[in-house]
Amino acid sequence: MFGIVRPCTHRLSEGLRTEWMAHLCGLCLALRADHGQFARIVTNYDGLIVSVLTEAQTGAMPAGRRTAGPCPLRAMRTAPVAMGEGARLAAAVSLVLASAKVRDHVADRDGLLARRPVAAVARRVAAGWDRAGARTGAALGFDTALLVDAVDRQTGIETLAGPGTPLLTVTEPTETATAAAFAHTAVLAGKPQNTAPLAEAGRLFGRLAHLLDAVEDREADAASGAWNPLTVTGTSLTEARRLCDDALHGVRLALREVEFTDGQLVHVLLAHELRRSVDRAFGTSSCSHQGLEVPEGSFGPPPGNPYGPTPGNPYGPTPGNPYGPTPGGPAAPPRPPRDRRGLIAGCLVWAGLACTCQLCCGSFEDPWSRERREAPCQSCGDCCEACNCCGQCGEGCCCCGDSCGCDC
């Protein structure tokens, strides 16, 4: 999985979590249906936003869902998944952009791709993804040549870039590609009035994707000598953060102009989770499930006078009724035996849970005993609230517009 919008499922309500997974699994299955099993490797978190945008404009309909069979990545459970034009457009876009990512790694000679035989195979795979994405895009009235052209221009722009080159010149091809994909969701939904604002939101989303990728890879690229737009153009992290914050604000403003039938999931992903992605890339936020924060003074002396009297009366009566019934009542009856999985099947389910972060977020079924378990991050505090927009910007409550209140 790759992508900049990676929400922890514990921050989503039960309904939104189900919808988000429906679009993620729908993208994966659309890739398999149209392009074969291997194409599922390009499933990504950002691509499903195209599917979410399409459905948010038309509204969820029973015809847009089907029940998928058990999958190791869902702990071998069935689930409703999105289907239709939105999922297929997301698949086409994901294929073309994944192809661009592969070619970019080949050009940078990253890892094994520095070897000519491996690079040649990677180029063939990327070319196949381009053709597959073009076929699906053409069936939906979407010209993926816009994406391919933007990707091809990227190489030339990077070759000419140097100190003093505006950073937005480097991010322009990515902005153009994502703007085209976002705008076409309005065409599929039959709402041409949404084309312009969605194109603007897509353009800024592409800018964020490019900048955050550069920020996250900055140190690794410096160590390996790979091309990085921040290093090459001499852009500081402070300036990159300013550009990201401006883009975040622009996405919010653009989404206000879009007519959604049900835009709740879009709002959560592109207003709240997108901001968390920026904070995560710049290291300005943390979540309690990612590590315990030690309170200030934890290693100092205990509060109060250590030689003073013990609080309360140590010789007083035991609280409560000592002659009352044993707390907790009679012993609970034994639980009925469960259908346990075998060693190999349990290991496969465990791998699926680990790959999809279910072991650290939300609730899941034990891979072997099938008992319900709660992930460690279920005890997250305020840092994991689904909406904390109030007071974060100077636009009152709520800064996201009329579609969001403090209780969203």
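As a reminder, the structure under discussion sits directly above these lines.
Counting of residues starts from 1 at the beginning of each chain's written sequence and follows it residue by residue. With the structure being a predicted model, the display of local features is reserved for residues of pLDDT at least 70 and the display and counting of side-chain atom pairs for 80 or more, all residues being used for whole-chain, interface and lining totals. Calculation of side-chain values draws on the structure's entire complement of heavy atoms; hydrogens and water are dropped beforehand.

### As for the overall build of the protein chain
Scanning the protein chain for helices and strands turns up 11 helices and 4 strands. Within the protein chain, contacts between residues separated by at least 24 positions form 68% of all contacts whose residues are at least 6 apart in sequence. On the protein chain, roughly 21800 Å² of surface is accessible, and the fraction owed to carbon and sulfur atoms is 58%. Helix and strand definitions here come from DSSP, where helices need a minimum of 4 consecutive H or I residues and strands a minimum of 2 consecutive E residues; each element is numbered from the N-terminal end. We call two residues in contact whenever any of their non-hydrogen atoms come within 4.5 Å of each other. All accessibility values rest on the Shrake-Rupley procedure with a 1.4 Å probe; residue burial counts only the protein chains present in the view.

### Topic: the pattern of salt bridges
Pairing between side chains of opposite charge can happen when their charged atoms approach one another. Salt bridge criterion: a side-chain nitrogen from Lys or Arg within 4 Å of a carboxyl oxygen from Asp or Glu. Per the counting criterion, the structure on display carries 16 salt bridges. Linking R17 and E14 is a salt bridge whose minimum nitrogen-to-oxygen distance equals 2.6 Å. Taken together, the residues R17 and E14, both in helix 1 (residues 14–35) and 3 residues apart, mark about one turn of the helix. The partner of R153 in a salt bridge is D149, and the shortest N-O contact between them spans 3.3 Å. With R153 and D149 both in helix 5 (residues 145–160) and 4 residues apart, the pair spans about one turn of that helix. Accessibility here uses a 1.4 Å probe with only protein chains present; expressed as a share of the type maximum, an area under 20% marks a residue as buried, one over 50% as exposed, and anything in between as partly exposed. Judged by its relative accessible area of 28%, R153 is partly exposed. If you follow the salt bridges from partner to partner, you end up with E175, E200, R203 and R207 in one network.

### Comments concerning helix 4 (residues 116–139)
A rise of 1.5 Å per residue sets the reference length of helix 4, with its 24 residues, at 34 Å; its end C-alpha atoms lie 35 Å apart and thus fit the reference within 8%. For helix 4, every residue scored as buried is listed here: A119, A122, A126, W129, D130, A132, G133, T136 and G137. Those residues of helix 4 that are buried are in contact with helix 1, helix 3 (85–108) and helix 5. Downstream of helix 4 by one or two residues, G141 has phi in the positive range, about 80°. A helix is expected to reach a length of 1.5 Å times the quantity of its residues less one.

### Regarding the packing of helix 2 (residues 48–58) against helix 10 (residues 264–282)
The axes used here are C-alpha line fits, helices contributing only the stretch in contact, and every angle between their N-to-C directions lies in the interval 0 to 180 degrees. Where helix 2 meets helix 10, the axes come as close as 9 Å, and the angle between the chain directions of the two elements is 145°. Relative to helix 10, the crossing made by helix 2 is left-handed. Counting all contacts with helix 2, which are made through L48, I49, V52, L53 and A56, the residues of helix 10 involved are L265, V266, L269 and L270. Residues were grouped as follows: Ala, Val, Leu, Ile, Met, Phe, Trp, Tyr, Cys and Pro as nonpolar; Asp, Glu, Lys and Arg as charged; and all remaining residues, including Gly, as polar. Partitioned by chemical class, the residues of the contact of helix 2 with helix 10 number 9 nonpolar, no polar and no charged. The crossing is said to be left-handed when, going from far helix to near helix, the turn is anticlockwise and less than a right angle, and right-handed when the turn is clockwise.

### Some remarks on the packing of helix 5 against helix 6 (residues 167–189)
Two packed helices can be described by the angle between their axes and the distance between those axes. Direction vectors running N to C along helix 5 and helix 6 enclose 175°, while the axes themselves pass 9 Å from each other. Classified by the angle between their axes, helix 5 and helix 6 sit roughly antiparallel to one another. Where helix 5 approaches helix 6, its residues L146, L147, A150, R153, Q154 and I157 are matched on the opposing element by T169, V170, E172, P173, T174, T176, A177 and A180. For the contact of helix 5 with helix 6, the residue count by class is 8 nonpolar, 4 polar and 2 charged. An angle below 35 degrees is treated as roughly parallel, one above 145 as roughly antiparallel, one from 65 to 115 as roughly perpendicular, and anything else as oblique.

### Considering the pairing of strand 1 (residues 65–71)
Along any regular strand the residues' side chains alternate between the sheet's two faces. A pair of strands counts as paired when DSSP detects no fewer than two bridges linking them. Pairing analysis gives 5 bridges linking strand 1 to strand 2 (residues 77–82), with the strands arranged antiparallel. What sits directly across from R66, in strand 2, is V81.

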